[in-house]
Every structure is written in structure tokens, then in C-alpha cells.
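# A structural walkthrough
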2 protein chains.
Amino acid sequence: MTQSAHFGDRLARAVATRESQVVLGLDPDPANLWPQAAGEAGTPSMAGPAVAARAVAAHCAALIDAAGPACVAAKPQLACFERLGSGGWLALEETVRHAHGAGLLVLLDAKRGDVPVTARAYGQALAGSTPTPWGEVQGLSGDAFTVNPLLGRDALDPLVEAGRAVGAGPFVLVRTSNPGAADLMDLELAAGGKLWERLARLVDELGEAGDSGLKDVGAVTGATEPEHLERMRELMPATPFLLPGVGAQGGDVRALAPAFAAGRASGLVTASRSIANAHAEHGGAPAEAARREAERLRELAWGLA
Amino acid sequence: MTQSAHFGDRLARAVATRESQVVLGLDPDPANLWPQAAGEAGTPSMAGPAVAARAVAAHCAALIDAAGPACVAAKPQLACFERLGSGGWLALEETVRHAHGAGLLVLLDAKRGDVPVTARAYGQALAGSTPTPWGEVQGLSGDAFTVNPLLGRDALDPLVEAGRAVGAGPFVLVRTSNPGAADLMDLELAAGGKLWERLARLVDELGEAGDSGLKDVGAVTGATEPEHLERMRELMPATPFLLPGVGAQGGDVRALAPAFAAGRASGLVTASRSIANAHAEHGGAPAEAARREAERLRELAWGLA
């Protein structure tokens, strides 16, 4: 029997298999890498962007090896790779392969959004491939990717289609966790409700439910505003939520329980610096501290659903 | 006398020197490159993403050589390079260098936007540089870049600061040219006005005027809705406007006159497919057709201001 390639089904299976809803954020800062990974890539006297990019890839691989077993997905932050140029993009490609090799889904934190013809190109880059006279060029092969909805429905459709064609899921920004998110996403509309509620309705419309009941279009739902979560679940009853803001950004994982109302796989808990920098807080070797912190989060979230 | 590194001043000088407000959009499709550029990169039997990326770089260089003299800036669409992986990013870096070598400003069409810590990383990637133990890694060195404001003021500030530090300018999406832009950007707010009018006020606040009178934060203002332009100019009296939608997207350059009310450099006219594919419409060799079409647009826009 062929397993469903529907993203919601793939996500539900992965969460059940790995018994984890934790998403490992990969936001590598070249000035703050794990010492061993940085040392393997080259000594500081070896100048050059390529060495910095190799160090970033080695750091991400070590972090995945340490914390990955407690996680269901890895979430590379594209900005942190792009700032290292073409070598950084190569490090990103290596990181995606390493995460896939470790059995993790890969959620590309790209926050892309553009007019339809360009949105199709982003879909090729993030989840699909590009036909060329020199053969098909495979993109990053993300299992999921974050998307900015400001340009409207026709700009989202090509990204939804690109994901659906390969069983990958877009996660659309509905309400982010930064204080400034209130400036626009919390604006009251003349027709009633806030802008983020309008975004939530749009996300609910875009998704199609699979056998698991979960839809194949997700939502980024800022965890620092837990009082919004019940309303979000009401507006998007079968949507997977990506909950950033846990750990370093100040969110509290216990406040997230309403997100799991549609099943364990309906709430993904992201943590990045709180895992990568756990040794600074709790002491010990970076890998061991990261492993412990990821496992602590995994147990905490699993116990809520 | 040192020339001002204020973006508005740099833009005003460039427009005056080159007598052009035309921005050459670079949206390379590997399946539709100019035959000569594609042939130089490798024969179709030589499979591989690297050849496709080299062909894209050669195509962009040929397009810049042909149409660049009639333009003030080149605008690479990042999605079209990202879909070719690390080789594509290398082609992007080469294209930026080639455009700079041809005396053009480079406006990176990236539409980035993220929470503050990530916005800083995007600023490093687009206009700044990243400190690492292996030396400072220079980013793409864009003179300008497009930005998505959905995440609010605190997410825009790091991008404005990154630009200001090097005399580069962010162009913030206010109203895009796709039909779906109406879904969200045209929503009426309870406090009065539309969402795009709120975005316009935010852009006006973010920018600081230089000696030329022009501000250092621009706005992307969809040219397919020319009736909005007067209102946009009212809300952003000294902001440079990036006017997409001319040519292939159906805009009419003569409807843009209100954009130039704050001086010639206050309205930049983007054209991409109408220049690159001019030979399909008007016949002739691709380079010659592109040169003619860019020059036609340049004269048309210059005559309006």
C-alpha cells in the first residue's frame, strides 16, 4: 500500500513515528558556533567565506546529530545561510541533506512571497524543480516552507500548488511573535475582526484535509500571544500550527495546549537558540546540553496533547 | 568634496547622470535564455545545474550589456537564481558584479521580511556583511532591495539600518501589481483608510530626506492601479517609488506621471520581459531589440518628468 503523499498525512505520520512535535530551528551565527564544528572547518587564520560556510554546515550537522533524535523536523533559517553567499547556500543544501538523512522533515524558514510568476519560481526553489535545457534542476527539496501572504491569494496559490505536487506544505504567516507584529497583523478591519483573523480564514480555505484529518497548508502562529491560540484553532480547525517563540523568544510551552486540539501533529513547537545555546545556560558540552534540552521540550509538548 | 552616501542622494545623482529612470528587471528563465548566452555556457547534452546557472549568468550579462546603457539600475529577481541552487546564487553574485561594472545601481528584488534578529541577517546578506572568525563575509552588496512589511515596524528597522549604514535603500511593498494584491492591501481598516495607505504612512515615517530632498526608504507602488498614484504621492511626498507592472504586466508608462512629482528620481520604471523578450514582439536579434526597447522606455519616462 502506497503511503499518502499529502502533507498533513506525512506530518501526522512523522509526529507519531518520532513521538515528537519539536522543530529544531537552525539559525547559525558564524561568530557563535559550537567550538568543535568551527575547529573542524578551519583555523581562524584561514580567512575566507568558504571556511565560514563550511563551519556553519558542520555546526548544523552536529546540532542535528545531537538534538535531532528528539525532534520531528529541522527548520533552517535561510537568512543565516544567504548572508554567507553561494558557499552559504551550499551549506544550506548540505544541511537539508543531513537533516533528511537523520530522518527529519525539513521546514525551510524562508518567508517568501511574490507576484504569481515569481511565486512559481520560489516554489521551484523551495520544494520543486526547474526545467532547463541541461536537465531538471532540483531545488532545496523542503518538506515544508514558510510563506508571507501579504500579496494575496493569487500569490499564494503557486506556492500551495508547488507544495501539493510533492507532498510539501506551506506554512503561511498568520501572526508572528515579534512585538511589531501588532502594527499590522492586529489592525481592526472595517468589515470586523483583525487582519490576522482574515489571514487565518484565507489559510483555512487554502488547505485540503487528508486521511489524517489534518490540512496540507499550515499557519505560523506566534506563541507569545497564547490567548490568540483558541481563536486561531476556531478559525483553522484542521490546520497544522507552527509555534515559534518558545525558549529564547520567551514563550511558555504549557500555554500552547489549545494548539494541539486537532491532534498531536497539529501543533509544532519550534526552538532554536534555547537548544543550540543550552550549554551556556545549563553547562556541559554543547551537544549533550542540546540533546537534553530538546528531549525536555519533547516530553513537555508530548505530555500536553 | 565627498559625495553623500545617503541613498536618496545616490539615486538622484545616478538618475541625473544616466538620464534614465528605467530599472532593468532580470528574471531569467533557463528555458528561455538568449540563444547565444545559452550556447556559450554549454551544449544541452552537457547536463547539470552548474551549466544552467552559468547560462543564466551569461544571459544576464548580455542583457545588461545590451539594455544597461539606457537604464539606471538592474533588478535581479532572487527567486530566479535561488531555484538553481548554490550555482544560481553564484550566478546572482556574478550578475551583481557585472551590473556594477556597467555603472548600474543594483536593486535586489528579494521581498524579504522577518522578525528582528532574522531581519538583521537579511540586511547582512543583501547590503551589509557578516563578521566571522574567518574574516568579514561581504553579502550581495545591493544598492537597494525590496522588503515585505507585514511583520511590522520592528522587523523593518534592522533592514532600514542595514541599508542606511552603506547608503543602500529598502523599497517597502505598499501596493503590488498582481490582481490578488486587492485581497489584503486594499482592505478597509476600522480606523479609516486602506491597509496600503497605512503601509504608505509607515514608509513615509521610516525614510529620512537627504540633500536632494529624496528620502532613503522607497516604496513599491503597483503601476497597474495608476489612480492610486496621486494618493500615494500625497502620503509619501519625498519617497522614491518603484513602479513595476510596465510592459509585460500591462501597465502604461504614461499613466505614471504623478509618481514623478517629487523629481525625476522619485519614480523608477521597471521593465523585465518587455525588454528581454522584445525580439519576440518586434523581431531582430535579442540584444538589438532589447537595446531599442529600453531606449524607447527611457525616452518615454524621461519626457514625463
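See the structure shown above.
Criteria and cut-off values
- Residues numbered from 1 in each chain as written.
- Chains lettered and ligands numbered in written order.
- Predicted model: local features only at pLDDT ≥ 70, side-chain atom pairs only at ≥ 80, totals over all residues.
- Heavy atoms only, no water.
- Contact = heavy atoms within 4.5 Å.
- Buried area = accessible area lost by both parts, 1.4 Å probe.
- Salt bridge = Lys/Arg side-chain N within 4 Å of Asp/Glu carboxyl O.
- Polar contact = N/O pair within 3.5 Å; in protein donor to acceptor, adjacent residues only side chain to side chain.
- Helix = DSSP H or I, 4+ residues; strand = E, 2+ residues; numbered from the N terminus.
- Nonpolar A, V, L, I, M, F, W, Y, C, P; charged D, E, K, R; others polar.
- Buried < 20%, exposed > 50% of the residue type's maximum accessible area, 1.4 Å probe, protein only.

### Examining the interface of chain B and chain A
- Between chain B and chain A, the residue contacts involve 71 residues of the former and 71 residues of the latter.
- Carbon and sulfur atoms supply 64% of the area that chain B and chain A bury against each other, a total of about 5,700 Å² over both sides.
- Ranking the residues of chain B by area buried against chain A places B:Arg83, B:Trp134 and B:Leu150 at the top, with a combined share of 16%.
- There are 4 salt bridges connecting chain B and chain A.
- For B:Asp114, the salt bridge identified is with A:Lys111, shortest N-O distance 3.0 Å.
- Applying the counting criterion to the chain B and chain A interface returns 25 residue pairs in polar contact (both at pLDDT 80 or more).
- Elements supplying a minimum of two residues to the side of chain B that touches chain A: helix H3 (49–67), helix H4 (78–82), helix H5 (85–101), strand S3 (105–112), helix H6 (116–126), helix H7 (153–166), helix H8 (181–185) and helix H9 (195–206) of chain B.
- For the side of chain B that touches chain A, the element with the most residues is H6(B), which contributes 7 residues.
- The class makeup of the residues in the side of chain B that touches chain A is 42 nonpolar, 16 polar and 13 charged.

### Observations concerning the environment of A:Ala280
Residues and elements named next belong to chain A.
- Residue position: Ala280 is located in helix H12 (residues 278–282).
- Among the residues examined, Ala280 registers a relative accessible area of 66% and is labelled exposed.
- Placed 151 residues apart in sequence, Ala280 and Ser129 show a C-alpha to C-alpha distance of 40 Å.

### Some remarks on the pattern of salt bridges
- Under the criterion given, the structure shown has 38 salt bridges over all chains.
- Its salt-bridge partner being A:Lys75, residue A:Asp109 comes within 2.8 Å of it at the nearest N-O pair. Here A:Asp109 is found in strand S3 (residues 105–112), whereas its partner A:Lys75 is found in strand S2 (residues 73–76), with 34 residues between them in sequence. Neither residue differs from the other here; A:Asp109 and A:Lys75 are each classed as buried.
- A single network of salt bridges, built from pairs that share partners, joins A:Lys75, A:Asp109, A:Lys111 and B:Asp114.

By themselves, these are just geometric observations and shouldn't be taken as functional.
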